Structures are given as structure tokens and as C-alpha cells.
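Breakdown of the fold
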Amino acid sequence: MTPQELQTTLDKHPLTLLYFSTPTCSVCKVLRPKVETLLQEQAPWHFQYVNTEESLEIAGQHLVFAVPTLLLMAEGREIARLSRHFGMQDLEAPVRRYAELFNQ
């Protein structure tokens, strides 16, 4: 993914969760399906995976230095960040809150 492709995605989807990970991250592999399931239940969220090993420029632009890192983006701006040690309950509240705001 290039920075331009990411910008196109952010422009297209008002609410986007950027999921920064690497193919070798065990925690990331377990967490990802849970995050995707949560977002499917909370329209209009869009899930976007970013491999930090392949997209170094994007990771650097967003100051991502650890995985997993989840950035919740609203209209292209970061509204929340979760990194390394967090639980699903930490993610559920902001995801639901912003889904409600954007669905009004």
C-alpha cells in the first residue's frame, strides 16, 4: 500500500480503522478477526490492514513503532489510538460511539 492509496481509502470511508501489523506478529493474528468482526457489526466502519514491513513510509507518517497498533480515523483524522497492550473492551467503546455519531 502506498500513501496515496491509503489517502484514497481514507477519503472514501468516513470511518476507517487502520490495523498496523506484521506477518510474524502472533498477537496480531489472533486479534485481527475479532477486530474485523466488531467493525462488521458497526457500520459505517471500514477495516484497512497495513503491513508495517511493506509500508514503512505509512507507518512512519503515523508514528507507528509497535504492533499491533490500531488507529481509528474519522474523516481522515486520527481520533483514537491503541497500541500493544489493550483489550477488546478498549476498542469497542470508541468504535460504537463514533458509529452512532456517523449514523445519525
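One structure accompanies this document, and this report is about it. Note that the coordinates shown come from a computational prediction; the quantities given were computed from them, not determined experimentally. (Residues numbered from 1 in each chain as written. Predicted model: local features only at pLDDT ≥ 70, side-chain atom pairs only at ≥ 80, totals over all residues. Heavy atoms only, no water.)

**Observations concerning unusual backbone geometry**
To keep it simple, the criterion reads: The numbering of helices and of strands both runs from the N terminus, where a helix is a DSSP run of H or I of at least 4 residues and a strand a run of E of at least 2.
Put simply, Ala-43 and Pro-44 share a cis peptide bond, and its omega is 10 degrees. Structurally, Pro-44 can be placed in the loop between helix H2 (26–40) and strand E2 (45–51). With an omega dihedral of -5 degrees, the bond running from Val-67 to Pro-68 counts as a cis peptide bond. A positive phi angle, close to 50 degrees, is found at Glu-75, a residue other than glycine. Relative to the elements of secondary structure, Glu-75 occurs in the loop between strand E3 (69–74) and strand E4 (77–83).

**So, helix H4 (residues 88–102)**
The condition that has to hold: Here a helix's expected span is defined as the number of its residues, less one, multiplied by 1.5 Å. Relative accessibility thresholds used throughout: buried, under 20% of the residue-type maximum; exposed, over 50%; partly exposed, between the two (1.4 Å probe, protein chains only). Think of it as the arc spanned by the lines of direction from the helix axis to the C-beta atoms.
Over its 15 residues, H4 extends 21 Å from the first C-alpha to the last, a length consistent with the 21 Å expected when each residue adds 1.5 Å. Turning to H4, its buried residues are Met-88, Leu-91, Pro-94, Val-95, Tyr-98 and Ala-99. The arc that holds the buried residues of H4, viewed along the axis, is 140 degrees, so those residues lie on one side. Away from the buried face of H4 by more than 90 degrees, exposed residues Gln-89 and Glu-100 are located.

**Examining the state of the cysteines**
Here, disulfide denotes a covalent bond that connects the sulfur atoms of two cysteines. Formally: The disulfide criterion is simple: two cysteine sulfur atoms within 2.5 Å.
The final tally for this structure, using the stated rule, is 1 disulfide. Between Cys-25 and Cys-28 runs a disulfide, and the two sulfur atoms are separated by 2.2 Å. On the S-S bond that ties Cys-25 to Cys-28, the torsion sits near 75 degrees, and the link is right-handed. Here the two residues Cys-25 and Cys-28 agree in accessibility, since each one is buried.

**Description of the side chain of Ser-21**
Applied cut-off: Any pair of residues with heavy atoms lying within 4.5 Å of one another is described as a contacting pair.
Looking at where Ser-21 falls in the secondary structure, it is placed in strand E1 (residues 15–21). Excluding residues that lie within four positions of it along the chain, Ser-21 makes contacts with Cys-28, Tyr-49, Val-50, Asn-51, Thr-52 and Val-67.

**Digging into the pattern of salt bridges**
Quick note on the threshold: Salt bridges are identified by distance alone: a Lys or Arg side-chain nitrogen within 4 Å of an Asp or Glu carboxyl oxygen.
One pass over the structure, following the stated rule, counts 3 salt bridges. Notably, a salt bridge pairs Glu-36 with Arg-32, separated by 3.7 Å at the nearest N-O pair. With a gap of 4 residues between them, Glu-36 and Arg-32 both fall in helix H2, about one helical turn apart. With its nearest N and O atoms 3.0 Å apart, the salt bridge here joins Glu-78 to Arg-81. With a relative accessible area of 38%, Glu-78 lands in the partly exposed category.

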